[in-house]
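Residues per chain, in single letters:
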2 protein chains.
Amino acid sequence: MDKKAPIGIFDSGVGGLTVAREIIRQIPEERIVYFGDTARLPYGSKSKDNIIRYSRQIIRFLRTKDVKAIVIACNTASAYALETVSKESDIPIIGVINAGARAAAAATRNGKIGVIGTRGTIQSGIYTKVLQELKPSVQVTGKACPLFVPLVEEGLLHDSVTDEIASRYLSDLKGKYIDTLVLGCTHYPLLRSTLRRLLGESVTLVNPAYETAIELRELLLEQGLLHEKRSEDESQEDKYQFFVSDLAEQFTSFATAILPNEVKKTKQIDIETY
Amino acid sequence: MDKKAPIGIFDSGVGGLTVAREIIRQIPEERIVYFGDTARLPYGSKSKDNIIRYSRQIIRFLRTKDVKAIVIACNTASAYALETVSKESDIPIIGVINAGARAAAAATRNGKIGVIGTRGTIQSGIYTKVLQELKPSVQVTGKACPLFVPLVEEGLLHDSVTDEIASRYLSDLKGKYIDTLVLGCTHYPLLRSTLRRLLGESVTLVNPAYETAIELRELLLEQGLLHEKRSEDESQEDKYQFFVSDLAEQFTSFATAILPNEVKKTKQIDIETY
């Protein structure tokens, strides 16, 4: 496998850009091919079978770009599809859940961990399963927060309505005296300041995007796949490539707002043909 | 064409059930095949090209059930796809927009009409176009209300958060002194009491679902396709058939809550193969 090959990253839409951002920060030498499934988003309210089917199609697409590894930058797809698709693959595929769970298990002092996510992620029970494998004594409380994604996508990051909804969602978790909260959806780090204010300084907020970038770096190093040298002759546009299944222009402006560099072009593809 | 053939109705999900409900009330003799595209919902934030492609696939599916007419029970799909797909079809296809616009044009006294809908419906400008064709003097103000669908789907029909969001969305329209408001998304009739309270009794609320059932009845009568006789020997289950592209069970319970009769079974199909 070529060390210079890019890393494939996918998500249902723009949320996974928070994962791409951490990867760009932590391993800036790596090339990236990002796919956002904007024609079929959101994944949080779809079934396991469909999420597996969508993930397989996207992996087939990313393989046409000769990626050396794939990051499922979506908690719902990591919860439902990672186990299945990683067994089928001869290149490494990682999700965002294991890294997030490891950081939470390490951070908790009282053993009470909260997890917030989409209905799909919470119903799957995946965080509870992984956390209890890592540390059998932990008590995990999950809470689905289905209105957070639409509120973030409407830009209501600092708003009385978001405060009200967040305080309703968090009240169950506060009653359980959690000292660690996993932000189990890639949109949620954008609500960090609201969550911080409502929960207070004593609760550690775990951002799986950050932890996943660390895990990816270790994995590439371990498998001799890390691209150590920065390619000076390569333009930003060749280095980071973006593909979506719908509304490419809208994605481009959102991506430019989230990523450290301007995104010039996003290509639309028909993912259903893969 | 067989008068006893069913009517095909489709929507991105459950919203179109408000249209099916009006059709069942007004022409109870008719058989119905309903399709909800739950694997690809919501339509309100997707592009015109994709909505046309989805609509063509669904129409091909409904034709396998030998429907005699099709109702696009979704404002976004009516806005983006009706013109294209009705030209391609040898059976009548109607949307929800024309009937809603006609009722609004008839209802307004001061000529100032508001339209609320998804971003797709409002950006298409279709209501303004159709309303001004019907009555060139009207002033139409559109307002996208992207948080209404998630709020309705979370069941927050009577809630302080919904009140707050609704009063923000309506403030522009109130400033324009509208006397008629088109509920341009099939989920919105479920917020009727909130909208009524915020707008007062002087504003007429137009529900395109109701108007569409009237239009369908007239169309069937005109084309000699109305099924006059109630089939006594037919079970409810054969008369009303429900299909979705994902999460059939969840759909069944929602449908039972909205429709006058219990829905016993919803079948899941793979719409991408049509």
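Let us look at the structure shown here. Here the structure is a predicted model, which means the values were calculated and not measured.

**Description of the packing of helix α2 (residues 48-63) of chain B against helix α3 (residues 75-87) of chain B**
All names here are of chain B.
Here is step 1: The contact between α2 and α3 brings their axes to 9 Å, and the two run at 65 degrees. Classified by the angle their axes make, α2 and α3 are roughly perpendicular. Crossing handedness for the pair α2 and α3: right-handed. Contacts between α2 and α3 involve Lys48, Ile51, Ile52, Ser55, Arg56 and Ile59 from the first element and Thr76, Ala77, Tyr80, Ala81, Thr84 and Val85 from the second.
Here is step 2: Class assignment for the residues of the contact of α2 with α3 results in seven nonpolar, three polar and two charged.

**Here's the deal with the pattern of salt bridges**
Here is step 1: Inspection of every chain in the model, using the stated rule, returns 36 salt bridges over all chains.
Here is step 2: As a salt-bridge pair, B:Lys87 and B:Glu83 come within 3.7 Å of each other at their nearest N and O atoms. Highlighted residues: B:Lys87 and B:Glu83, both in helix α3, separated by four residues, approximately one helical turn. For the pair formed by B:Lys87 and B:Glu83, the shared burial category is exposed.
Here is step 3: Put simply, A:Asp37, A:Arg40, A:Arg53, B:Asp270 and B:Glu272 are held in one network by salt bridges that share partners.

**With respect to helix α10 (residues 208-222) of chain B**
Residues and elements named next belong to chain B.
Here is step 1: Taking 1.5 Å of rise per residue, 15 residues should cover 21 Å, and α10 covers 21 Å from first to last C-alpha, within 8% of that figure.
Here is step 2: Taken together, the buried positions of α10 are Pro208, Ala209, Thr212, Ala213, Glu215, Leu216, Leu219 and Leu220. Projected down its long axis, α10 shows its buried positions confined to an angular sector of 165 degrees, all on one face.
Here is step 3: Downstream of α10 by a residue or two, Gly224 has a phi angle that is positive, lying close to 65 degrees.

**Focus: the pairing of strand β1 (residues 7-11) of chain A**
Residues and elements named next belong to chain A.
Here is step 1: Burial analysis of β1 places five of its five residues in the buried class, the great majority of the element.
Here is step 2: The alternating pattern of β1 places Ile7, Ile9 and Asp11 on one face and Gly8 and Phe10 on the opposite face, and all of these are buried.
Here is step 3: Alignment of β1 against strand β2 (residues 32-36), held across five bridges, turns out to be parallel. Across the sheet, residue Asp11 finds its bridge partner in β2, namely Gly36.
Here is step 4: Chirality of the crossover, the property in question, places the unit of β1, helix α1 (residues 17-26) and β2 among those that are right-handed.
Here is step 5: The sheet contact formed by β1 and strand β3 (residues 69-72) spans four bridges and is parallel. Along β3, the bridge assignment pairs Phe10 with Ile72.

**Remarks on the sheet that holds strand β10 (residues 266-268) of chain B**
Pairing between sheet strands relies on hydrogen bonds along the backbone, with the strands arranged either parallel or antiparallel.
Residue and element names in this part refer to chain B.
Here is step 1: Spatial strand order, β4-β3-β1-β2-β9-β10: six strands in an open sheet with parallel pairing. Pairing within the sheet leaves two strands with one partner each, and these edge strands are β4 (93-94) and β10.
Here is step 2: Bridge count between strand β9 (residues 240-244) and β10: three bridges; the pairing is parallel. Across the sheet, Phe243 pairs through a bridge with Lys267, a residue of β10.
Here is step 3: Of the strands in this sheet, β1 (7-11), β2 (32-36), β3 (69-72), β4 and β9 touch α2, which is tilted by about 150 degrees from β1.

Rules and cut-offs
- Every chain is numbered independently, its residues counted from 1 as its sequence is written.
- Whichever chain is written first is A, and whichever ligand is written first is 1; the rest continue in order.
- At least 70 in pLDDT is required for a residue's local features to be given in this predicted model, at least 80 for side-chain atom pairs to be given and counted, and no such filter applies to totals for whole chains, interfaces and linings, which use all residues.
- Only hydrogens and water are removed before side-chain values are computed, so all heavy atoms of the structure are retained for them.
- Geometry is summarised by axes, namely lines fitted to C-alpha atoms with helices restricted to the contacting stretch, and by angles between N-to-C directions that run from 0 to 180 degrees.
- Numbering goes from the N terminus for both helices and strands, where a helix is a DSSP run of H or I of at least four residues and a strand is a run of E of at least two.
- These descriptions rest on fixed angle ranges, namely under 35 degrees for roughly parallel, over 145 for roughly antiparallel, 65 to 115 for roughly perpendicular, and the rest for oblique.
- In this scheme the crossing of two helices becomes right-handed for a clockwise turn of the near helix relative to the far one and left-handed for an anticlockwise turn of less than a right angle.
- By definition in these notes, contact holds between two residues if any of their heavy atoms fall within 4.5 Å.
- We call Asp, Glu, Lys and Arg charged. Ala, Val, Leu, Ile, Met, Phe, Trp, Tyr, Cys and Pro are nonpolar, and the rest, Gly among them, are polar.
- Just to be clear on terms, a salt bridge is a Lys or Arg side-chain nitrogen sitting within 4 Å of an Asp or Glu carboxyl oxygen.
- Classification of residues uses two cut-offs on accessible area relative to the type maximum, computed with a 1.4 Å probe and protein chains only: under 20% is buried, over 50% is exposed, and between them is partly exposed.
- By this rule the span expected of a helix is its residue count minus one, scaled by 1.5 Å.
- What the arc measures is the spread of directions leading from the helix axis to the C-beta atoms.
- The pairing criterion for strands is at least two bridges between them, as found by DSSP.
- Crossover handedness is defined here as right-handed if the route from the first strand over the helix to the second strand goes clockwise, with the strands pointing away from the viewer.

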